[in-house]
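What the coordinates show
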Amino acid sequence: MASAEAPVLVAAPKKARASLVENARRYLGTPYLYGGSSAKGLDCSGLVYRVYLDTFGVAPISSLPRTARDLFAFVEPLERKDLQPGDLVFFDTTGKLSHVG
């Protein structure tokens, strides 16, 4: 069952992307907390999870993975030139896929 906001992603993708960015900015200054996914503390994938939850509600992301590695396997790759606000970017900071933003 999709939430009332789910059609925004399809009907108004620019609005949906702007909402993702706006919701992400609310967490500026939130402390880092390994495994965290709330305003009390976040890790990188916790931020992604929280922002998508805040933006689209529970139903559309009920299967959204919670780790950077699982998110990488879950999403469709894009060329760097095709990236837009709201897209996920993955980083290798430790010799293996370890960060998402």
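Our structure is the block above this text.
The present account deals with the structure reproduced in this document. (Residues numbered from 1 in each chain as written. Predicted model: local features only at pLDDT ≥ 70, side-chain atom pairs only at ≥ 80, totals over all residues. Heavy atoms only, no water.)

Another aspect to go through is the overall build of the protein. The number of helices and strands found in the protein is four helices and four strands. Going from N to C terminus, the protein has its helices and strands arranged as α-α-β-β-α-α-β-β. Per-residue burial for the protein yields a buried fraction of 29% across its 101 residues. Summed over its atoms, the accessible surface of the protein is roughly 6900 Å², and 59% of this surface lies on carbon and sulfur atoms. (Helix = DSSP H or I, 4+ residues; strand = E, 2+ residues; numbered from the N terminus. Buried < 20%, exposed > 50% of the residue type's maximum accessible area, 1.4 Å probe, protein only. Areas by Shrake-Rupley, 256 points an atom, 1.4 Å probe, with all protein chains shown as cover.)

Attention now moves to the packing of helix 2 (residues 13-25) against helix 3 (residues 44-56). How two helices sit against one another is set out by the angle between their axes and by the gap between those axes. Helix 3 packs onto helix 2 with a crossing angle of 125 degrees between their chain directions and a minimal axis gap of 9 Å. One way to sum up the angle between helix 2 and helix 3 is to call them oblique. Considering the relative orientation of helix 2 and helix 3, their crossing is right-handed. Where helix 2 abuts helix 3, its residues Ala16, Ser19, Leu20, Asn23 and Ala24 lie against Val51, Tyr52, Asp54, Thr55 and Phe56. A class-by-class count of the residues in the contact of helix 2 with helix 3 yields six nonpolar, three polar and one charged. (Axes fitted to C-alpha atoms, helices over the stretch in contact; angles between N-to-C directions. Parallel < 35°, antiparallel > 145°, perpendicular 65-115°, else oblique. Left-handed = near helix turned anticlockwise from the far one by under 90°. Contact = heavy atoms within 4.5 Å. Nonpolar A, V, L, I, M, F, W, Y, C, P; charged D, E, K, R; others polar.)

Another point: the packing of aromatic side chains. Applying the stated rule across the entire model yields two aromatic pairs. Arranged with centres 5.8 Å apart and planes meeting at 45 degrees, the rings of Tyr52 and Phe56 form a pair that is tilted. Within this pair, Tyr52 and its partner Phe56 are both found in helix 3, separated by four residues, close to a single helical turn. Assessed through its relative accessible area of 19%, Tyr52 is described here as buried. (Phe/Tyr/Trp six-rings, centres within 6.5 Å; stacked < 30°, edge-to-face > 60°.)

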